[in-house]
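What follows is each chain in one-letter form.
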Amino acid sequence: MGFWLGTLVFLIFEALGFGVVHFSGKPRSAKLLNHTLVATTVVCCWLMWGIVYLAQKYPLVRPILQG
Amino acid sequence: MELFRSEEMQLCQLMIPAEAARDTIAALGEVGMLQFKDLNADRTAFQRTYANQIKRCDEMARQLRFFTSEVEKAGILVAPRLSAGQGLMEFDALEQKLGQLESELLELNANSDRLHRSHNELLELQLVLERAGTFFEDARSSADRAQRESATAAYADSTRTPDIGAPLLESAQAFEPKAVQLGFVAGTIPVEKLAAFERLLFRATRGNMFLKFTPVGSVADPATGERVEKAVFVVFFAGERARQKILKICEAFSANRYPFPDDISRQRQMNAEVNGRLRELHTTLEAGDRLREGVLQAISLNLEAWSIQVRREKGIYHTLNKLSVDVTRKVLVAEAWVPVAAKARVQDALRTAAARAASPVGTVFQPLVTYEQPPTFFQTSNKTSAFQDIVDAYGIARYREANPAVFSIVTFPFLFAVMFGDIGHGIIMLMFALLLVIRERKLAKQDLGDILGMMFGGRYVILLMAIFSIFTGMIYNEMFSVVTTWFGRTRFACATDHTLTDPVTIMMNPDSCPSAFSTGLEMTTRGTPFAFGVDPAWHGTRTELSFLNSMKMKMSIVLGVVQMNAGIILSYFNQRYFADSLSTLCEFIPQMIFLNGMFGYLCVLILMKWATGSTADLYHTLIYMFLSPGDVDCGGKCPENKMFAGQAGLQVFLLLMCFISVPWMLLPKPLILKKRHEARSQRSASYGLLQPDDNAYRFQRFTDEESVSGESAVVGSSRHGASAAGHGGGHEEEFEFGEVMVHQMIHTIEFVLGAISNTASYLRLWALSLAHSQLSAVFYDRLLMGSIRGGGSPIAIFIAFFVFTCATIGVLLVMESLSAFLHALRLHWVEFNNKFYHGDGYQFMPFSFEVIDKEPL
């Protein structure tokens, strides 16, 4: 549940980024490049977050404090 | 998107009327969008048409370099060029003026040297007069004294002739004075040579000489003009032969001799003369220097403009040398690569140049058909040029192939950040990058030196690296190795008492939760972990590393498989663009099957294990997938390894698919290419209509060694533009089956073995991030916290903080970031690029004044 919620947040960021690039008023080729960059960034960040999130769902070890 | 594939290029032919040639080329240099092919490649530099002009340009360049060095020596600053037309002169007029200035300057220099030399000689003469004068003074006074003494002491000894030279000999009293006239030589000699000089004189004259010397300090040597420590000496000798020897020895030791008169009155006269001449020389010298400086000032005003002009002329003549002269000698023919998008600008420039040269005929500008591979040209802005340079350092992209820079702009800083994740270090790096970016314009004009210049060139790379580092730092939850609680409360609590959630409190009162130190804290909300990043409870625990290592290693594998898949998909885009469906069937599909059958499946298992909390041992699963296929739970003894129903069957299926894909990658393509070649050669042996698919614009993926010809590709309108593969323009059909097979085998082996090694290579992401966080923790714990734990005196803390700062900046921010940069670069260049990038193109290097102006003279 939390995972999909987080993914939705990243999708919202992507939508925002898409909007910013789309209405930026640059020539078409620059817009295409910027779309690619924004999408790649969102995907990379989502991957990083998702992996760390999923890895902590059912951890196999427990934090043991040092005396 | 212009950065994804290189610009479309076209080979054009220009026919330039001979009288307008120079102006036309100059106009084209302003546009800067044409790369001229060398049509006279078989001729040497001396055989070319404009070799003479180039020699003249070289001569002018040498003169300008001479002026530059003279101006710099005089300490005058060279003024930058004020306007484009400043100092602009005709070529011949400029040559003449430069020659004139050079001879003037050389003459002034020679005069100045001569005057300086005389000046120094006179100074030395003055010193000699002074010092040698004192010798004789002393001698005379001691002679008088000795005479008086001997007169009083040895009253009767009147045979002794009062010789002015005699008392200089130390044992004058005991010596029988001979009636010999002593000659002497006076001069100056460098102090360091004095000992050797004395020894040699002694040996040469067999001891029959006397040398008296005194050091006079640092004097400007007339011959060299430098200041040397010198000494004034006087050598006394007897006899003509000794005199000759001594003169020769003085010459050998470059001792300057000066005529020193015996008489004291003549000495005084000479002194007065020397002083007078020195004064004259001073005024002459000053006047000469002022004149010289004036000339240099005048030169320095125009120096920059002339340098630029000479450089441009040289460039123009080099280009003109590349053109071939038509039979009628009225037209020069040029072949040049031009980006299709720049054709309009080039045509405009040609028109204006023709108008300016007032030639009756304009330049003809028409496209040519060719099978040659065009150069690669990417239009980069100042923000993207650094990333493109990084890709180009690996290899220039082949014409119109997918450019990895588009994705590297993001993935390179991202992978750097995975290895460098720390909020605090990221912030410091961000401040540095912002400093470089905000003062961009000012810093661009300065000469920053090698290291800082390189960092300035990559300022946008550093900026992105810093921003991503802050993000990954927030995910790893590390700020200078201290954990942050910005994203909420920890999900862990004491196993026995769920209200105790703060690890710090538990550590302060260990009795409140003894289980925390033996079996550990418990996650209160299993299945709903910390919302963003690593839970802060892990920091400082005994099991922190075992948890983080497992997580980071799996993360590296997942990121690696994703990037490699992206690379293979890019190769598919290339194959689709060049209409190479054979490669798609015989390379792309089996590669995807092989990589994803093994490592994609591993990633799926990783994700499943995380999502379900299974305790399966994935190492065991993957290894035994190959060792004992079909047996997932080791014959019932390890039931936890079975993660889903049908896993055994799926694994066997994937294994079979991987086995099939290897010969699929290896065999079909060379065999099909061979059949195509045979079919083509059969067809061309008989006259017939060209088959429809011969006319298709085909760009066959060609190997490094041989060229497989494409069908009749026509340059010009279509986006499958220029070519079939021919190295060097041949559309001859060369097809060596042996070579193609070997090449395919190398490719297959590389991919199959690389699948494992490249995937494992991505583990460096884990390794470096572990190293970074451990180093950072050690510096924090031992330096900062150590000084507080060990007493806490303010001075100790101050010193410890200083050492901590130096360690952070030196080791973590400089060394670690260079290391992470290098490894991220390697991951891109090897593991990502070798899935799709050919990188065997050549750079588009147009004839452009912008480029030429920046070159050194």
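Residues numbered from 1 in each chain as written. Chains lettered and ligands numbered in written order. Predicted model: local features only at pLDDT ≥ 70, side-chain atom pairs only at ≥ 80, totals over all residues. Heavy atoms only, no water.

Right, let's talk about the side chain of Q647 of chain B for a bit. Position of Q647 of chain B relative to the elements: it lies in helix α18 (residues 647–666). In this structure, Q647 of chain B is in contact with Y601, L605, T621, V632, N641 and K642 of chain B, ignoring residues within four places of it in sequence. (Helix = DSSP H or I, 4+ residues; strand = E, 2+ residues; numbered from the N terminus. Contact = heavy atoms within 4.5 Å.)

All names here are of chain B. Inspection of the secondary structure puts V331 in strand β8 (residues 331–339). The exposure class of V331 is partly exposed, given its relative accessible area of 23%. Put simply, V331 and L14 are 317 residues apart on the chain and 9.7 Å apart in space, counted from C-alpha to C-alpha. Contacts of V331, omitting those with residues within four sequence positions, involve M15, I16, P17, A18, S324, V325 and D326. (Buried < 20%, exposed > 50% of the residue type's maximum accessible area, 1.4 Å probe, protein only.)

Facing the 29 residues of chain A at the interface are 60 residues of chain B. Summed over both sides, the interface of chain A with chain B buries roughly 4200 Å², with 75% coming from carbon and sulfur. When the area that chain A buries against chain B is broken down by residue, the three leading residues are M48, P63 and L65 of chain A, summing to 18%. Connecting chain A to chain B are zero salt bridges. Looking at the side of chain A that touches chain B residue by residue, the classes come out as 20 nonpolar, seven polar and two charged. (Buried area = accessible area lost by both parts, 1.4 Å probe. Salt bridge = Lys/Arg side-chain N within 4 Å of Asp/Glu carboxyl O. Nonpolar A, V, L, I, M, F, W, Y, C, P; charged D, E, K, R; others polar.)

Moving on to unusual backbone geometry. Trans is the prevailing form of peptide bonds, just as negative phi is the prevailing case for residues other than glycine. Residue and element names in this part refer to chain B. Despite not being glycine, R206 has its phi angle at roughly 55°, a positive value. Among the secondary structure elements, R206 is positioned in the loop between α4 (194–204) and β4 (209–220). A positive phi angle, close to 55°, is found at A579, a residue other than glycine. The residue A579 is located in the loop between α15 (544–577) and α16 (581–612) in this model.

Further remarks concern helix α9 (residues 405–420) of chain B. Residue and element names in this part refer to chain B. In this model α9 runs 21 Å from its N-terminal to its C-terminal C-alpha over 16 residues, within 8% of the 22 Å that 1.5 Å per residue would give. Of all the bends in α9, the largest measures some 30° and sits at T411, one to four residues before the proline P413. The element α9 is largely enclosed, with a buried count of 15 among its 16 residues. (Expected span 1.5 Å × (residues − 1). Bend = angle between axes of the 7 residues up to and from the residue.)

What follows covers the state of the cysteines. Residues and elements named next belong to chain B. Counted by the stated rule, this structure contains two disulfides over all chains. Between the sulfur atoms of C494 and its disulfide mate C513 the distance is 1.9 Å. Residues C494 and C513 share a disulfide whose torsion about the S-S bond is about 95°; that sign makes it right-handed. Here the residue C494 occupies a position in the loop between β10 (492–493) and α14 (503–508), and C513 occupies one in the loop between α14 and β11 (522–523), the gap between them amounting to 19 residues. (Disulfide = S-S within 2.5 Å.)

Residues and elements named next belong to chain B. For helix α10 (residues 423–438), with 16 residues, the first-to-last C-alpha span of 22 Å sits near the 22 Å given by 1.5 Å per residue. Among the residues of α10, I423, G424, H425, G426, M429, L430, A433, L436 and V437 are the ones counted as buried. Of the residues flanking the start of α10, the one acting as N-cap is D422, its side-chain oxygen 2.9 Å from the backbone nitrogen of G424. (Polar contact = N/O pair within 3.5 Å; in protein donor to acceptor, adjacent residues only side chain to side chain.)

All right, on to the confidence of the model for chain B then. Residue and element names in this part refer to chain B. Residues with a pLDDT of 70 or more make up 90% of chain B, whose mean pLDDT is 85. pLDDT under 50 marks residues 156–160. Its contacts with residues more than four places away, or in other chains, come to three contacts. In the model, residues 691–732 has pLDDT below 50 throughout and makes 97 contacts with residues more than four positions away in sequence or in other chains. Listed scores for the predicted complex are pTM 0.81 and ipTM 0.97. (pLDDT = per-residue confidence, 0-100.)

Right, let's talk about the environment of F387 of chain B for a bit. All names here are of chain B. As for its placement among the helices and strands, F387 is situated in helix α8 (residues 385–394). Spatially, the C-alpha atoms of F387 and K343 are 27 Å apart, while their sequence positions differ by 44 residues. With residues up to four places along the chain from it excluded, the contact list for F387 reads A405, S408, I409, P413, Y460, V461 and L464.

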